[in-house]
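Examination of the molecular architecture
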Amino acid sequence: MIMAKVTGSVVSTSKNEKLVGYKFMIVQPIENNKLIDKYFVAVDSVGAGIGEKVLVAMGSAARLATSENAPIDAAIVGIVDEKQGNL
Amino acid sequence: MIMAKVTGSVVSTSKNEKLVGYKFMIVQPIENNKLIDKYFVAVDSVGAGIGEKVLVAMGSAARLATSENAPIDAAIVGIVDEKQGNL
Amino acid sequence: MIMAKVTGSVVSTSKNEKLVGYKFMIVQPIENNKLIDKYFVAVDSVGAGIGEKVLVAMGSAARLATSENAPIDAAIVGIVDEKQGNL
Amino acid sequence: MIMAKVTGSVVSTSKNEKLVGYKFMIVQPIENNKLIDKYFVAVDSVGAGIGEKVLVAMGSAARLATSENAPIDAAIVGIVDEKQGNL
Amino acid sequence: MIMAKVTGSVVSTSKNEKLVGYKFMIVQPIENNKLIDKYFVAVDSVGAGIGEKVLVAMGSAARLATSENAPIDAAIVGIVDEKQGNL
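Residues numbered from 1 in each chain as written. Chains lettered and ligands numbered in written order. Predicted model: local features only at pLDDT ≥ 70, side-chain atom pairs only at ≥ 80, totals over all residues.

Attention shifts here to the overall build of chain A. Helix and strand counts for chain A come out as one helix and seven strands. Reading the helices (α) and strands (β) of chain A from amino to carboxyl end gives β-β-β-β-β-α-β-β. Rg of the C-alpha trace for chain A: 13 Å, near the compact-globule value of 12 Å for 87 residues, within the 12% margin. When the backbone C-alpha atoms are referred to their principal axes, chain A occupies close to 40 × 20 × 20 Å. Within the span of chain A, comprising 87 residues, buried residues form 57% of the whole. (Helix = DSSP H or I, 4+ residues; strand = E, 2+ residues; numbered from the N terminus. Rg over C-alpha atoms; globule rule 2.2 N^0.38 Å. Buried ≥ 20, exposed ≤ 12 C-beta atoms within 10 Å, placed from the backbone.)

With that settled, the discussion passes to the interface of chain E and chain D. At the interface, 27 residues of chain E touch 28 residues of chain D. Take the side of chain E that touches chain D: its biggest share by element is five residues, from strand β1 (residues 2–11) of chain E. Residue composition of the side of chain E that touches chain D, grouped by class: twelve nonpolar, ten polar and five charged. Where strand β7 (residues 82–84) of chain D and β1(E) come together, three bridges link them in antiparallel fashion. Bridging from a neighbouring strand, D:Glu82 pairs with E:Val11 of β1(E). (Contact = placed C-beta atoms within 7 Å. Nonpolar A, V, L, I, M, F, W, Y, C, P; charged D, E, K, R; others polar. Pairing = 2+ DSSP bridges.)

The next point concerns unusual backbone geometry. All names here are of chain A. Here asparagine 32, not a glycine, exhibits a phi torsion of approximately 55°, which is positive. Mapped onto the elements, asparagine 32 comes out in the loop between β2 (24–31) and β3 (34–35). Look at asparagine 32 and you get exposed, because 12 C-beta atoms sit within 10 Å.

Turning our eyes to something else, we now look at the interface of chain D and chain A. Frequently, the measure chosen for interface size is the accessible area removed from exposure when the parts meet. The interface of chain D with chain A comprises 28 residues on the first partner and 28 residues on the second. For the side of chain D that touches chain A, the secondary structure elements donating two or more residues are β1 (2–11) and β4 (40–44) of chain D. Tallying contributions element by element places β1(D) first for the side of chain D that touches chain A, with five residues. Classifying every residue of the side of chain D that touches chain A by side-chain character gives twelve nonpolar, ten polar and six charged.

A few words now on the arrangement of the chains. Between chain B and chain D there is no contact, and the shortest C-alpha to C-alpha distance separating them is 11 Å. The two units chain C and chain D remain apart, with a minimum C-alpha distance of 11 Å.

Each of the two chain copies goes to the other by way of a rotation about an axis and a shift along it. The two copies are related by a screw motion: chain D maps onto chain A through a turn of 72° and a shift of 0.0 Å along the axis, at an RMSD of 0.0 Å. Within this description, the copies of the chain are treated as partners about a five-fold rotation axis. Of all interface residues in chain D, a mere 7% are interface residues in chain A too; the two copies therefore contact each other through different surfaces. (Least-squares fit on C-alpha atoms with pLDDT ≥ 70 in both.)

A separate point is the pairing of strand β2 (residues 24–31) of chain B. Residues and elements named next belong to chain B. Most of β2 is tucked away, with seven of its eight residues classed as buried. Pairing geometry for strand β1 (residues 2–11) and β2, over six bridges, is antiparallel. Bridge assignment links valine 10 to a residue of β2, and that residue is phenylalanine 24. Relative to strand β4 (residues 40–44), β2 runs antiparallel, the two sharing four bridges. Residue pairing for β4: phenylalanine 24 is matched across the bridge by valine 43. Where β2 folds back onto strand β3 (residues 34–35) in an antiparallel hairpin, the turn is made up of two residues, including asparagine 32, whose phi is positive at roughly 55°.

Looking now at the relation of the copies chain E and chain D. Mapping chain E onto chain D calls for a screw motion: a turn of 72° about the axis and a shift of 0.0 Å along it, with 0.0 Å RMSD after fitting. Of the interface residues in chain E, just 7% have counterparts in chain D that sit at the interface too, so the contact is made through distinct surfaces.

Our next topic: the pairing of strand β4 (residues 40–44) of chain C. Residues and elements named next belong to chain C. Judged by how many residues are buried, β4 sits mostly within the fold: five of five residues are covered. Direction of pairing for β4 relative to strand β6 (residues 74–79): parallel, over a ladder of two bridges. Bridge pairing links aspartate 44 to isoleucine 76 in β6.

We now examine the nonpolar core. Within the largest apolar cluster, 170 residues are counted, with the highest numbers of intra-cluster contacts made by A:Val56, B:Val56, C:Val56, D:Val56 and E:Val56. In contact with E:Val56, other than residues within four places in its own chain, are E:Met1, E:Ile2, E:Ala4, E:Val27, E:Ala42, E:Ala74, E:Ala75, E:Ile76 and E:Val77. (Core = buried A, V, L, I, M, F, W, Y, C linked by C-beta atoms within 7 Å.)

So, about the environment of C:Val43. Residue and element names in this part refer to chain C. Locating valine 43 in the fold gives a position in strand β4. Residue valine 43 is classed as buried on the basis of its C-beta count, with 23 C-beta atoms lying within 10 Å. Each C-alpha atom, one on valine 43 and one on alanine 57, is 9.9 Å from the other, the two residues being 14 residues apart in sequence. Sequence-distant contacts of valine 43, defined by excluding residues within four places in its chain, comprise Tyr22, Lys23, Phe24, Ala62, Thr66, Ile72, Ala74 and Ala75.

Pasting the structure below:
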C-alpha cells in the first residue's frame, strides 16, 4: 500500500454501470514526508475526507475493499492515525 | 484509476480475435492539471470522444469494464464532468 | 495496452516447459511518436514481424492472448495499421 | 520481490475491516546496496522488526503471504540473512 | 518479460513457509545492451547461474513458473542463448 493525502474528488456522470455509487477521490502519494507529483484517483472504502492521510491499495487488492466485480484499480483502505519513521 | 485526456485512436486490422469490436483510444494522463508524456492505449467502455477527460482503469480491472476474456489491460471507465482539487 | 515497435527477437533453449513454442520478440515502446528506451520482451500472438508497430498487452491480460497457463506477462495483441493523434 | 529495509510503522484505526489485525510496516527499497526514496507500506508476515532487511512481494502475490481476501498489495515475506552480489 | 543478468543471490532463513525450497536470485535488468540500476529478486525456475542472461516474468505470471500458492512476484523463466536486435 502507499500512503497518500486526499486532495480532491472527481464527478463522473457517464461511467461504467458497475461504478455507480462509488466515490472517486483524488489522492497524492506521500514519500519521506513529502507530497509527490503522482496524483491518481482511488475509490473510497473508509469514509476518508479531503486533507486526510490514507493508505491506498493498488491493483486487484483494491477490489477486495470495494467490489470484486467493479473496474476499480485503487482503493482507500485506511485512514492513517500516526506513523513512526519516514514514509 | 488515472485521469487522462483522449487524444486519438488506433486502428489494428491484424489483431487477436478476442479484441474484435473494441475501440482503441490513445490517452494521455493528466497530473496536477497538466498533460504528461506517458501516452498509452485504452479500450473505450463509455463512448468517450477525442478531447474528453476520462477515468482509466488499469490491469485486471480493465477487463471488468469490457470483457473478462479479452487481452485488455486498460479501459476508459468514466467521463469526468468536474473535479475539485488538483489531479 | 502500449504501442511499441518490434526491434528484434530472443532465443532461449533452456526455458520453462510451458513456454515451449512461443516466439519472444523484443519490443520498444513508442510515446508521442518517439521510440523510448524501455525495451522488454513480449510473446507474439499475431504474427508480427521486426519493424512493425504493434499493440502490447501487459500483465495477466497477456495470458488471454496466449495461454492462461504459461508464465507470460507481455503479449503482442495487434499490428497497428494507422493512428490518429499522438501516441 | 524487492529487497527493502523496514524503517517504521503505520497505525490506522479507521480501516477496511478485512485489514484488522495486520501490522503495517514502512519499507524503503534497497538497490545496489543503497536505500532509495520509494517508501511504501507492506503488511508483515514474518515478524520483521524495524531496521531489518527484508524481501517484499508485491501485487496479488502479497495476499498469498497474508490473506487472499484482504486488500493487501505488498507483504514482507522473508528476512534477509545474507546476500552475495549487488542488489 | 524483461531480460536481465543474474548478479547474485539472497539467503533468507526466516521466511514465509510457502517459500521454503525456492532459490532467490538477484537480477539486474538489461536494456539496449546496458545493465540498468533496478535490481530486484526473482525465484529461479530454470537452473540459472550467476552471470547468465535470463528472461524474467513479473507479477502473477511468475507463479505459473513456480507455484500458484507461493507469494512470488518475479521468476526466471528462461536462459537467453542469443538475441537479434537491441534490448
